[in-house]
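Spelled out, the chains give:
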Amino acid sequence: MKLRISSEHQRHIGIIGHHIVHSLSPAMHTAAFKKLNLDYDYGVMDVTPEMLPNLIAAIRALNFRGANVTVPYKEKVIPLIDEISEEAKMIGAVNTIVNNNGRLVGYNTDAHGVYISLAYYAEEIKNNHVVIFGAGGAARATIYAVAKFFSPKRIMIVNRTLDNANVIVDEFSTKFRLTKFFSTSENEVAAREIEVAALLINTTSVGMSPSVHLHTLPPLAEIQKDQIVFDIVYNPLETALLKLARTAGARTVSGIEMLLGQGAKAFELFTHNEFPMHVAREVVIKELMQSRRNIA
Ligand code: ATR
């Protein structure tokens, strides 16, 4: 199929990143456009860091409707756009850009993805203990969403590099007064908190295909049967962490919920239409099954 870019109507959208191996966003959004009969196209824009400013200029020049942003540019696009939402500012990362009559506005829909993934458990999370593995960009969006929408009593960040976790603890402690933030890189300390937490969340890439046997749970820690365990990794659909959780009798939330949730919010920002969730879920699961077959 020939690529035909036109600047006349705002019909182009795409994902910006580098070394994008297999993004599910094009299939997910394209299926949603098709379902609602919307005249948009969605492509992959894989550029080197030096090319990023030129790509943003091209998005303006060609009157794109917007873009999603993935690794490694969620922070790097910020100085290149005109405005960012309060939420994206607090998280420190943009994953969605909307072109409003030539003004590029940045949002972070990952936080909404986390909210959607955990909303069913809101009452259980409120006033309770949460353990979050990781202290990168995904962790920031996750911690922001959990603190903002569910007001837990404590959030402990478990990360191999303590300094990275401490930066988040310092920053978010002043922003969310109902939650106490802690950090550790010690297995024993983490294991004790894991035992009493209502919710465990992995925000690192540990366990992602092809390293499917890895997980972030420290050696002495055990998942309890009444806990909720959420892994933002969605490939494989059931990560090693989620398998442990299921075996322990815990409730599990797959990363696919966050993928769909962030996609839904981005879709609504782009098109002002409600995201056809069932269609998108079907396509994403099909793509993941297909990629599993390709790897096997
Ligand atoms: P992202 O923006 O996608 O979250 P990132 O900023 O590179 O990615 O952050 C990745 C997080 O996963 C970090 O907290 C990282 O730990 P460090 O702060 O110590 O680097 C964590 N992480 C990545 N690979 C890991 C591994 N193999 N074991 C433990 N933690 C890991």
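Note that the structure is predicted; figures quoted are calculated from it, not measured. (Residues numbered from 1 in each chain as written. Predicted model: local features only at pLDDT ≥ 70, side-chain atom pairs only at ≥ 80, totals over all residues. Heavy atoms only, no water.)

For the rest of this paragraph, the subject is the sheet that holds strand β8 (residues 154-158). Reading across the sheet, the six strands line up as β9-β8-β7-β10-β11-β12 and stay open at both edges, with parallel pairing between neighbours. Taken across any chain shown, the strands that pair with only one partner, and hence form the sheet edges, are β9 (180-184) and β12 (251-253). Looking at each pair of strands side by side, their axes are set apart by 15° on average, direction ignored. For strand β10 (residues 199-202) and strand β11 (residues 228-231), the ladder comprises four bridges, and the chain directions are parallel. Bridge pairing in β11 places Leu199 opposite Ile228. Docked against the sheet, helix α4 (residues 110-118) engages β10, β11 and β12, running at close to 145° with respect to β11. Of the strands in this sheet, β7 (129-133), β8, β9 and β10 touch helix α6 (residues 137-150), which is tilted by about 170° from β8. (Pairing = 2+ DSSP bridges. Helix = DSSP H or I, 4+ residues; strand = E, 2+ residues; numbered from the N terminus. Axes fitted to C-alpha atoms, helices over the stretch in contact; angles between N-to-C directions. Contact = heavy atoms within 4.5 Å.)

Bringing the sheet that holds strand β2 (residues 41-46) into the picture now. In space, the six strands of this open sheet follow the order β2-β1-β3-β5-β6-β4, with mixed pairing throughout. Each of the sheet's edge strands pairs with one partner strand only, and the pair in question is β2 and β4 (83-84). Lying over the sheet, helix α2 (residues 52-61) contacts β1 (12-17), β2, β3 (66-69), β5 (96-100) and β6 (103-107), oriented at roughly 170° with respect to β1. Running over the sheet, helix α10 (residues 255-271) touches β1, β3, β5 and β6 and is turned about 10° from β5.

The next thing to look at is the domain arrangement of the protein. The assigned domain composition of the protein is domain 1 (12-108 + 262-295) and domain 2 (112-253). Placing the centre of domain 1 and that of domain 2 at their C-alpha centroids yields a distance of 26 Å. Taken together, the contacts link twelve residues of domain 1 with 15 residues of domain 2. Summed over both partners, the interface of domain 1 with domain 2 buries about 1200 Å², with 68% contributed by carbon and sulfur atoms. Sorting the residues of domain 1 by area buried against domain 2 places Met90, Ile91 and Leu288 first, and these three jointly supply 47% of that buried surface. At the boundary of domain 1 with domain 2, the tally comes to three residue pairs in polar contact (both at pLDDT 80 or more). Looking at the side of domain 1 that touches domain 2, the elements with two or more residues in it are α3 (86-91), α10 and α11 (277-295). No other element matches α11, which puts four residues into the side of domain 1 that touches domain 2. Looking at the side of domain 1 that touches domain 2, its residues break down into six nonpolar, three polar and three charged. (Domains from an automatic or database assignment. Buried area = accessible area lost by both parts, 1.4 Å probe. Polar contact = N/O pair within 3.5 Å; in protein donor to acceptor, adjacent residues only side chain to side chain. Nonpolar A, V, L, I, M, F, W, Y, C, P; charged D, E, K, R; others polar.)

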